[in-house]
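# Analysis of the macromolecular model
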Amino acid sequence: MIADLLEKFGIHQTHSGVYAGDWITKPDGLEIDSINPSDEKRIATIMSGSRKNYEQAMESALEGFEKWRRVPAPARGEMIRQIGTALRKNKKDLGLLITLETGKILGEGQGEVQEMIDMCDFATGLSRQLHGITIASERQEHRLFEQWHPLGVVGIISAFNFPAAVWAWNAILAAVCGDSSIWKPSFHTPVTSIAVLNIVSSIMKANGHADVFSLCISDMHLAGEWIAEDKGIPLVSATGSCEMGRVISVKVGQRLGRSLLELGGNNAAIISPSANLNQALRGVVFAAVGTTGQRCTTLRRLFVHDSIETTFLEKLCNSYGSIRIGNPWEEGVLMGPLISETAVEKMMGAIEEAKNQGGKVLAGGNRIPGKGYFVEPTIILANPKMEIVQQETFAPILYVMPYHCLEDAIELNNRVDQGLSSAIFTDSVREAEQFLSYRGSDCGIANINIGTSGAEIGGAFGGEKDTGGGRESGSDCWKSYMRRQTCTINWGDQLPLAQGIRFDL
Ligand code: NAD
């Protein structure tokens, strides 16, 4: 089954990890193994890129850009539409492959491919709407307007947990804007990135633009560092931990490049006494346990009103007890493994830390014995001041804390360094509006009666504070991938100066 899947996507047991208009036959970086987190077996071996191979991929991306930016945007949109069609045809199998490599469940693997398809549809429409505005000029017989031009090669550094969708948020948007891109995926998910490149490059080759999308898989973070330091890359879009963002943003900033940062979250939800508790329960469990707690938007902190604390926590612990954990390829499984042994160690370490700091484990708390990186989803009764509660542990640990007054709960929601996603479950319009007001949540995403995870691509996605401030995917995010030009045309025969300045010769 796995061999068939690899064959379908043209992935050899030992495969090149560098795409520069075509696969580089034998990249000379270290060989890295892709590991199935469900059974710890090797899926395939990837020949990663050396610095020289990276330069080859960059050269191809630069050449690609020169040609691609000349293609009219609606014609670029048409090729992106074709990519969307190819992804539709491959949705089931690519979803399976994502499930295999990340451990996320089947529905979520396919949901990720659907997100890529949605991005292609969105970008196709956008290809006829990359327009600027005309502004009233203060000078007589002048026209003042803005226009948008392609930017260049966009560097994309992506995390393991959305190994395909995050590429699409960036690369598809960049492509419709007339940019080429170079992608450095996570070393945990190289096989998915090769499959994506194979699907996309078959379309781009047929259209004579094989060098719009480049890829450089590297040992650990190497290609990420090369991208960050590369003056030839005007925009670096980096998705990953806050630690990574701190390193990348300094390197990109030093060369005065632009960075678009999508970093970690420490997301909270508030359950008000007026909430529909069954709705809240489903929203909380999906947000806290889905993707094995490995979404940037995973629910990590839960503030429950003290009047419903006992009832709600009882329901929550019962639900956790009924979650089927196992091979994510199996129907009915709701939680697969964590990504790696290190991730399991970090989760177990955080649980110990929480206990030492006064937390009480209400559900879960253990590693599941046997092969694979399986753990129990865990609920810990905590105090909002505990040090561990301030941190993002990338695992299914939910800290629950009672609150009495909504203002306090909102203050606690905002107290952490990260500012990605937030939610309130309430049937009170006053509470909902307060949560969304300037006195409410300080996060990039604020939801009412929906959990913290599971965003649609139509909105701008991203967060504030240590989450990095970047916005990707829908809305007007395309503007980050273009350069804005303000143009003034004097069509009269005088030379009036702005601000009424006189400079008579
Ligand atoms: P990570 O930070 O370990 O790695 C992310 C990517 O950055 C990888 O490709 C990695 O090789 C690269 N990288 C890491 N350190 C680097 C360095 N010093 N120099 C150059 N490149 C470097 O993150 P991860 O474990 O893959 O993913 C989990 C993290 O990503 C979580 O913190 C999660 O919240 C975050 N995330 C954020 C979003 C978002 O949109 N805000 C989306 C997905 C994941």
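No experiment lies behind these values; they were computed from the predicted model shown.

### Observations concerning the overall build of the protein
Looking only at helices and strands, the protein has 14 helices and 23 strands in total. Against the compact-globule benchmark of 23 Å for 505 residues, the protein has a radius of gyration of 24 Å, which places it among compact chains. If you take every contact in the protein between residues at least 6 apart in sequence, the share linking residues at least 24 apart comes to 74%. Accessible surface computed for the protein: about 20,900 Å², of which carbon and sulfur atoms make up 51%. Computed over 47 positive and 58 negative side-chain charges, the inter-centroid distance for the protein is 3 Å.

### What to know about the packing of helix 3 (residues 73-89) against helix 6 (residues 165-176)
Running from N to C, helix 3 and helix 6 point in directions that differ by 145°, and their axes come no closer than 8 Å. Judged by residue contacts, Ala73, Arg76, Gly77, Ile80 and Ile83 of helix 3 engage Ile172, Ala175 and Val176 from helix 6. Class assignment for the residues of the contact of helix 3 with helix 6 results in six nonpolar, one polar and one charged.

### A few points about the site of the ligand
Around the ligand, the structure places 27 residues, and the nearest of them are Ser158, His221, Ser241, Leu263 and Glu392. Contact between the ligand and Lys184: an oxygen atom at 2.9 Å from a side-chain N or O atom of the residue. Between the ligand and the protein, one listed contact pairs an oxygen atom with a side-chain N or O atom of Glu262 at 3.3 Å. Notes on the ligand: free accessible area 840 Å², of which the protein chains cover 90%. Sorting the residues of the shell around the ligand by element identifies helix 8 (222-229) and helix 9 (242-254) as the ones contributing at least two each.

### What to know about the sheet that holds strand 8 (residues 180-184)
One open sheet holds the six strands; their spatial order is 2-9-8-7-10-11, and the pairing between them is mixed. A strand with exactly one partner marks an edge of an open sheet, and here the two such strands are strand 2 (18-19) and strand 11 (258-262). When strand 10 (residues 235-239) meets strand 11, the two strands line up parallel, connected through five bridges. Bridging from a neighbouring strand, Ala238 pairs with Leu261 of strand 11. Sheet strands touched by helix 2 (residues 51-68): strand 2, strand 7 (153-157), strand 8 and strand 9 (213-216). Its angle to strand 8, the strand with the most contacts, is close to 155°. On the sheet, helix 6 packs against strand 7, strand 8, strand 9 and strand 10 and is oriented at approximately 175° with respect to strand 7.

### Section: the packing of aromatic side chains
Under the defined criterion, the tally for this structure stands at seven aromatic pairs. Both rings, one in Trp148 and one in Trp478, keep their centres 5.3 Å apart while their planes meet at 70°; by these two values the pair is edge-to-face. Taken together, the residues span a long stretch of sequence, with Trp148 in strand 6 (residues 142-150) and Trp478 in the loop between strand 22 (472-473) and strand 23 (482-490) at a distance of 330 residues. Here Trp478 falls in the buried class, since its relative accessible area comes to 6%. Between the aromatic rings of Trp169 and Phe461, the centroid separation amounts to 4.9 Å while the plane-to-plane angle is 50°, which identifies the pairing as tilted. On the criterion of sequence distance, the pair formed by Trp169 in helix 6 and Phe461 in strand 20 (residues 460-461) is long-range, its members being 292 residues apart. One aromatic cluster is present, built from ring pairs that chain together Trp167, Trp183 and Phe213. The aromatic ring of Phe9 is capped on one face by Lys8, whose charged end is 6.0 Å from the ring centroid.

### Side note on the domain arrangement of the protein
Along its sequence, the protein is carved into domain 1 (2-263 + 468-485) and domain 2 (267-456). Between domain 1 and domain 2, the C-alpha centre-to-centre distance is 30 Å. Summing both partners gives a buried area of about 2,100 Å² for domain 1 against domain 2, and 61% of it is carried by carbon and sulfur. Along the contact surface separating domain 1 from domain 2 lie two salt bridges. Put simply, Glu40 and Lys371 hold a salt bridge, and the shortest N to O gap is 3.9 Å. Put simply, the parts of the chain that give the side of domain 1 that touches domain 2 at least two residues each are helix 1 (2-8), helix 4 (91-102) and helix 5 (106-126). For the side of domain 1 that touches domain 2, the element with the most residues is helix 4, which contributes five residues.

### A look at helix 4
Within an α-helix, residues lying three or four positions from one another point in the same direction, as the helix has 3.6 residues per turn. Taking 1.5 Å per residue as the helical rise, helix 4 with its twelve residues ought to reach 16 Å, and the 16 Å between its terminal C-alpha atoms agrees with that figure. Regarding helix 4, the residues found buried are Asp93, Leu94, Gly95, Leu96, Leu97, Ile98, Thr99, Leu100, Glu101 and Thr102. Where helix 4 is buried, its residues contact helix 1, strand 3 (31-35), strand 4 (42-47), helix 3, helix 5 and helix 7 (190-206). Residue Gly103 follows helix 4 closely and has a positive phi angle near 85°.

### Observations concerning helix 6
An ideal rise of 1.5 Å per residue puts 16 Å on twelve residues; helix 6 measures up with 16 Å between its terminal C-alpha atoms. Of all twelve residues that make up helix 6, twelve are buried, and the element is covered over most of its length. Every buried residue of helix 6 is accounted for by Ala165, Val166, Trp167, Ala168, Trp169, Asn170, Ala171, Ile172, Leu173, Ala174, Ala175 and Val176. Directly after helix 6, the chain includes Gly178, whose backbone phi takes a positive value near 95°.

### Quick look at the environment of Pro150
Within the fold, Pro150 resides in strand 6. Spatially, the C-alpha atoms of Pro150 and Ile199 are 24 Å apart, while their sequence positions differ by 49 residues. When residues no more than four places from it in sequence are discounted, the contact partners of Pro150 are Phe65, Arg69, Cys177, Gly178, Asp179, Met482 and Arg483.

### A closer look at the pattern of salt bridges
Side chains that differ in charge, positive against negative, can pair when their charged atoms come close. Summed over the entire model, instances satisfying the criterion amount to 21 salt bridges. Glu55 serves as the salt-bridge partner of Arg51, at 2.9 Å between the closest nitrogen and oxygen. One end of the pair, Arg51, and the other, Glu55, are both in helix 2, four residues apart, so they sit about a helical turn from each other. For Glu55, a relative accessible area of 34% puts it in the partly exposed group. One continuous salt-bridge network, built from bridges that share partners, spans Glu66, Arg69 and Arg70.

### A look at a nonpolar patch on the surface
A contiguous nonpolar patch, built from Leu495, Leu497, Ile501, Phe503 and Leu505 and spanning about 660 Å² of accessible area, is present on the exposed surface. With respect to the secondary-structure elements, Leu505 resides in the segment after strand 23.

### Regarding the sheet that holds strand 1 (residues 14-16)
With mixed pairing, three strands are arranged side by side in an open sheet as 1-4-3. Among the strands making up the open sheet, the edge pair consists of strand 1 and strand 3. The average angle at which neighbouring strand axes cross in this sheet is 35°, direction not considered. Here strand 1 pairs with strand 4 via three bridges, running parallel.

The rules behind the values
- Residues numbered from 1 in each chain as written.
- Predicted model: local features only at pLDDT ≥ 70, side-chain atom pairs only at ≥ 80, totals over all residues.
- Heavy atoms only, no water.
- Helix = DSSP H or I, 4+ residues; strand = E, 2+ residues; numbered from the N terminus.
- Rg over C-alpha atoms; globule rule 2.2 N^0.38 Å.
- Contact = heavy atoms within 4.5 Å.
- Areas by Shrake-Rupley, 256 points an atom, 1.4 Å probe, with all protein chains shown as cover.
- Lys, Arg positive; Asp, Glu negative; His and termini not counted.
- Charge placed at Lys NZ, Arg CZ, Asp CG, Glu CD.
- Axes fitted to C-alpha atoms, helices over the stretch in contact; angles between N-to-C directions.
- Nonpolar A, V, L, I, M, F, W, Y, C, P; charged D, E, K, R; others polar.
- Near = heavy atom within 4 Å.
- Polar contact = N/O pair within 3.5 Å; in protein donor to acceptor, adjacent residues only side chain to side chain.
- Pairing = 2+ DSSP bridges.
- Phe/Tyr/Trp six-rings, centres within 6.5 Å; stacked < 30°, edge-to-face > 60°.
- Buried < 20%, exposed > 50% of the residue type's maximum accessible area, 1.4 Å probe, protein only.
- Lys NZ or Arg CZ within 6 Å of the ring centre and 35° of its normal.
- Domains from an automatic or database assignment.
- Buried area = accessible area lost by both parts, 1.4 Å probe.
- Salt bridge = Lys/Arg side-chain N within 4 Å of Asp/Glu carboxyl O.
- Expected span 1.5 Å × (residues − 1).
- Patch = residues over 30% accessible without salt bridge, like charges linked within 9 Å, V, L, I, M, F, W, Y side chains within 5 Å.

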